[in-house]
Each structure stands twice: as C-alpha cells, then as structure tokens.
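Spelled out from the first residue to the last, the chains are:
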Protein chains: 2
Amino acid sequence: MTTTQSAPEDRDLPFNVFAKSCPSRVTLEHVTGRWGALTLGALYEGSLRFNELRRRVDGVSEKMLSQTLHALERDGLVHREAQLTNPPRVDYELTPLGHEVTERLMALIHLLEGRMDAVLEARERYDAARGAR
Amino acid sequence: MTTTQSAPEDRDLPFNVFAKSCPSRVTLEHVTGRWGALTLGALYEGSLRFNELRRRVDGVSEKMLSQTLHALERDGLVHREAQLTNPPRVDYELTPLGHEVTERLMALIHLLEGRMDAVLEARERYDAARGAR
DNA sequence: CGGAATCCGAGTAGATACTG
DNA sequence: CAGTATCTACTCGGATTCCG
C-alpha cells in the first residue's frame, strides 16, 4: 500500500463535496440544480440555440435559462458560439468535460424515469401510513 | 427494428423529466437538490443516525436535514428505522432503490471532484475575459 | 433572435427555542 | 438524541421592459 488511506470517504482528494467550503459543491449545484440538470440533458443530444433550449426545457424562463447557461459556461461545461449575423444566432453545446458529466447525469435521470412506478408506490404507502394519523 | 422509435429523446417512456408536469422531475429534485444529493452520498457508506448525518453533511441545519430525509423516505429511497429506547435511536439507510440511485449519483460526484481543477481553470479564463470588460 | 435590467411576490433556508 | 415549531431574512424565479 503506497498511499495512506483511512476510510473511503476520507480520501485525500483535494476536493470533497461534503465539505461546506469546497468549490466542488458549488459546481455540483450548478450541474444538478433544477435547471442545470435539464439544460445539460437537453444539450446532450446536440447543440441548440437559445430559444430551442427554452422549448426543450419545459417551464424555464428566459432569465433562469440565461443564468443557468452562464454558470455552466463559466464552469467549462458548456460552450457558447455566437455568430454576429442579423438576426443573431447563438449556439450552445457541451464541452468534452460537459459531455462526460452529462453522461453520468443522464444515467441517473434514466434510472429515475425507469423506476418512477416504484417511487410512486412508495409515496402512496408513505402517505397512507403518515397522512392517516 | 421491432419498436417504433423516432428520436432518442422522443422515447415513449411514461415518465419524462423534461416535461414540466412529470412527477419524475420532483423526485429528481429531491435526489439532486442541495441537501438531497449530499444526504444520499453520506448514507452510501452505510446507515447513519440523525446527528451523525448532520456532521457528515457539513453545513446542513436540523430543519433542512429533517425535511430532506422525509422527502427521500417518501420517495422510497431512504428507510427510517426507529428504536423507541431512551435515549431514542433512529437509523437511516438507503433502500435497494436508493442504493441504485446513489450509485449513479456518486459516479457523477466523483467525476466532478476529479475534474475540479479543469473547472477552476475554466472559471479563471471566463472571469478574465468577461470580468475585464 | 438573444439576451440584460428591473421589479416584486412566494417560497426556502437558517437561527432559535421547545418537546418527547 | 431526535426531532418539531415559529419567526425572520434572503434568495429564487417569473413577468415585464428594453436593447443590440
């Protein structure tokens, strides 16, 4: 054993989401946040323009989408390609890193979508037991 | 080809997070939400008691942890085991479904932690270009 | 089309105090 | 220990307006 390792969660990684001050926690929130996850998911299929994204991500406002895209671009997960034509055209696409991240994210989303029946059942059981009191 | 399939995102799955009204979006938010993700992550190593959980998930308040655990329990991802001793002892652990979900979640978290250096670099580049103006 | 800026209400999060 | 209750503060997020 060449490295000193005590427990799995006690890795000597420089970054640890469980620590309050770790920057990785902020990025995790950008990625998994309400609109971040859906935006990345939409871009997973390919590059999209601003309003195409808005339509894909059902329910997002211009403001939130704009804000979300900025955060993801700043974190290096999304690339913004602006063409100064008239009318202007701006395409958003995943960076290689963004694609890797989104792969993992989609695995999570698809699992969840596939097991929603079990989740719904669990909710009914929970409500029947708790709500009755 | 035996199934009718038009596009990957156009699957005829009953649940689709991209749709505003889909219940899967709510569950996704429980799982990936600020405290949900960290709580599941903490429980991935094994069952924990309430205050152990509080210490692991750095920065969470009692209220938020309690609320988070209720949501995850209701969705069938976390199991609550209470012993009516004195002092009371309550253990939380992942259900099999919760474990599956958390596996995917941890894959995402670990990827992110491992690439934070790239994220931080991207941020500096972004700020240098944008913040300068 | 692709945004930025402003306003404002609703919901969320934290601190605190209390209970079993 | 394991929570609940309450209060306040703050942020989030939507609608609107305006600009390049």
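What counts as what
Residues numbered from 1 in each chain as written. Chains lettered and ligands numbered in written order. Predicted model: local features only at pLDDT ≥ 70, side-chain atom pairs only at ≥ 80, totals over all residues. Heavy atoms only, no water. 1 Å grid on protein atoms, 1.4 Å probe; cavity = no way out; pocket = protein on both sides within 12 Å on 5 of 7 lines; lining within 4 Å. Points joined across faces, edges and corners; volume = space filled by probe spheres on them. Helix = DSSP H or I, 4+ residues; strand = E, 2+ residues; numbered from the N terminus. Contact = heavy atoms within 4.5 Å. Buried area = accessible area lost by both parts, 1.4 Å probe. Salt bridge = Lys/Arg side-chain N within 4 Å of Asp/Glu carboxyl O. Polar contact = N/O pair within 3.5 Å; in protein donor to acceptor, adjacent residues only side chain to side chain. Near = heavy atom within 4 Å. Pairing = 2+ DSSP bridges. Least-squares fit on C-alpha atoms with pLDDT ≥ 70 in both. Buried < 20%, exposed > 50% of the residue type's maximum accessible area, 1.4 Å probe, protein only. UniProt positions renumbered as here; feature names shortened; annotations may be inferred.

In the annotation of an unreviewed UniProt entry, the entry for chain A reads Winged helix-turn-helix transcriptional regulator, and the organism field reads Streptomyces cellulosae.

A short note on empty space enclosed by the protein
The gaps left among the atoms become clear once a water-sized probe is rolled over them. Per the stated rule, a full pass over the model turns up 1 cavity of 30 Å³ or more. Taken as a whole, the largest cavity holds about 30 Å³ of empty space. Surrounding the largest cavity, Thr32, Gly33, Arg34, Ala37 and Leu38 of chain A together with Arg25, Leu28, Glu29 and Thr32 of chain B form its lining. Among the elements of the structure, helix 2 (34–43) of chain A together with helix 1 (23–32) of chain B are those that each provide at least two residues to the lining of the largest cavity.

A short note on the interface of chain A and chain B
Contacts between the two partners involve 58 residues from chain A, matched on the other side by 58 residues from chain B. Summed over both sides, the interface between chain A and chain B buries roughly 5,600 Å², with carbon and sulfur atoms accounting for 64% of that surface. The largest contributions to the chain A side of the interface with chain B come from Phe18, Arg74 and Glu113 of chain A, which together make up 14% of the buried area. On the surface where chain A and chain B come into contact, there are 8 salt bridges. Residues Glu29 of chain B and Arg34 of chain A are paired through a salt bridge, measuring 3.7 Å at the closest nitrogen-oxygen approach. For the pair chain A and chain B, the number of links is 21 residue pairs in polar contact (both at pLDDT 80 or more). Every element with two or more residues in the side of chain A that touches chain B is listed here: helix 1 (23–32), helix 2, helix 4 (62–74), helix 5 (96–114) and helix 6 (116–131) of chain A.

Here we look at the protein's contact with DNA strand D
Around DNA strand D, 20 residues are found, and the nearest of them are Lys63 of chain A together with Arg49, Ser66, Arg80 and Tyr92 of chain B. Restricting the count to atoms of DNA strand D within 4 Å of the protein gives a sugar and phosphate share of 63%. One nitrogen or oxygen atom from the side chain of Glu62 of chain B is found 3.0 Å from a base nitrogen belonging to DNA strand D. Residue Ser66 of chain B places a side-chain N or O atom 2.5 Å away from a phosphate oxygen belonging to DNA strand D.

As for the sheet that holds strand 1 (residues 48–49) of chain B
All names here are of chain B. Pairing is antiparallel in the open sheet, where 3 strands are placed in the order 1-3-2. Only two strands of the sheet have a single neighbouring strand rather than two, namely strand 1 and strand 2 (78–83). For strand 2 and strand 3 (residues 89–94), the ladder comprises 6 bridges, and the chain directions are antiparallel. Counted as the bridge partner of Glu81 is Asp91 from strand 3.

What to know about the relation of the copies chain A and chain B
Applying a rotation about an axis and a shift along it to one chain copy brings it onto the other copy. Structural alignment of chain A on chain B gives an RMSD of 0.1 Å, achieved by rotating through 180 degrees and translating 0.0 Å along the axis. Seen this way, the second copy is the image of the first under a two-fold rotation axis. Using C-alpha coordinates, one finds that chain A approaches the rotation axis most closely at Thr32 of chain A, a distance of 2.6 Å. In this assembly, 100% of the residues forming the interface of chain A have copies in chain B that are likewise at the interface, indicating an isologous arrangement.

Notes on the pattern of salt bridges
Pairing between side chains becomes possible if they bear opposite charge and their charged atoms approach one another. With the rule as written, the count across this model stands at 12 salt bridges over all chains. The closest approach of N and O atoms between Arg74 of chain A and Asp127 of chain B, which form a salt bridge, is 2.5 Å. Linking Arg74 of chain A in helix 4 with Asp127 of chain B in helix 6 (residues 116–131), this pair reaches from one chain into another. Judged by its relative accessible area of 27%, Arg74 of chain A falls in the partly exposed class.

Side note on the UniProt feature "domain: HTH hxlR-type" (unreviewed entry) in chain A
UniProt's feature table lists "domain: HTH hxlR-type" (unreviewed entry) at residues 22–120 of chain A, given in the numbering used throughout. Helix makes up 65% of residues 22–120 of chain A and strand 14%, and the two end C-alpha atoms of the span are 34 Å apart.

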